[in-house]
Amino acid sequence: LPTCRRPESGVVVCFQTDGGETEFPRDYTWQMLKDLIAIKQKEGWEFNFMGAGIDAYAQGAQMGLHASHTMSYTNAPRETKTAFMCLCMEMLCS
């Protein structure tokens, strides 16, 4: 984002997956994604990764994300709702 369009509190990117997107063609490699995340982190961006029913910590590490910015949960509806509520609370309190 151009500096003039960035929120004062910074940029937070949260992404969630159940691993299903791996069934589609990829335009980016894991290394390309890791490099892009590292560039944006140096600019002050924060990244959070949520994985449902997958090894989220291994996948997060593959993208260069620390375990403290990763959440793993089952894809049961109640757990998914709780995971998003926890993420919202974390963002509000940080």
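Our structure is the block above this text.
Residues numbered from 1 in each chain as written. Predicted model: local features only at pLDDT ≥ 70, side-chain atom pairs only at ≥ 80, totals over all residues. Heavy atoms only, no water.

Caption draft 1: Seen up close, the overall build of the chain. Regarding its fold elements, the chain presents three helices and three strands. Starting at the N terminus, the α and β elements of the chain follow one another as β-α-β-α-β-α. Counting all 94 residues of the chain, 22% fall into the buried class. Just so you have it, the chain exposes about 6800 Å², and 58% of that area is on carbon and sulfur atoms. (Helix = DSSP H or I, 4+ residues; strand = E, 2+ residues; numbered from the N terminus. Buried < 20%, exposed > 50% of the residue type's maximum accessible area, 1.4 Å probe, protein only. Areas by Shrake-Rupley, 256 points an atom, 1.4 Å probe, with all protein chains shown as cover.)

Caption draft 2: How the structure looks around the packing of aromatic side chains. A complete count under the given rule lists two aromatic pairs for this structure. Judged by centre distance (5.4 Å) and plane angle (50°), the rings of F15 and F49 are tilted. In this pair, F15 is assigned in strand β1 (residues 12-17) and F49 in strand β2 (residues 46-52), connecting sequence segments 34 residues apart. Given a relative accessible area of 3%, F49 falls into the buried group. Pairing W45 with F47 gives two aromatic rings, centres 6.3 Å apart and planes at 25°, and the pair type is stacked. Across this residue pair, the class does not change: W45 and F47 are buried. (Phe/Tyr/Trp six-rings, centres within 6.5 Å; stacked < 30°, edge-to-face > 60°.)

Caption draft 3: Looking closely at the environment of M71. Structurally, the position occupied by M71 is in strand β3 (residues 70-73). Filtering out sequence-adjacent residues up to four positions away, M71 remains in contact with F49, M50, G51, A56, Y57, A83, C86 and L87. (Contact = heavy atoms within 4.5 Å.)

Caption draft 4: Spatial organisation of the sheet that holds β3. Taken in spatial order, the three strands line up as β1-β2-β3 in an open sheet, and their pairing is parallel. Looking along the sheet, the strands with just one partner apiece sit at the ends: β1 and β3. Ignoring which end each strand starts from, the neighbouring axes of this sheet average 15° apart. (Pairing = 2+ DSSP bridges. Axes fitted to C-alpha atoms, helices over the stretch in contact; angles between N-to-C directions.)

Caption draft 5: Here's a closer look at the nonpolar core. Of all hydrophobic cores here, the largest spans eight residues; its members are V11, I37, W45, F47, F49, A56, M63 and L65. With residues near it in sequence (within four places) discarded, L65 still touches F15, I37, Q41, F47, F49, G60 and T70. Counting five residues, the second-largest nonpolar core is a separate cluster that includes M50, A52, A83 and L87. (Core = buried A, V, L, I, M, F, W, Y, C linked by side-chain atoms within 4.5 Å.)

Caption draft 6: Region of interest: the pairing of β3. Pairing of β2 with β3, which is carried by four bridges, proceeds in the parallel orientation. Note that in β3 the partner of F49 across the bridge is T70. Regarding the hand of the β-α-β motif, the stretch spanning β2, helix α2 (residues 56-62) and β3 is right-handed. (Right-handed = clockwise from strand over helix to strand, strands pointing away.)

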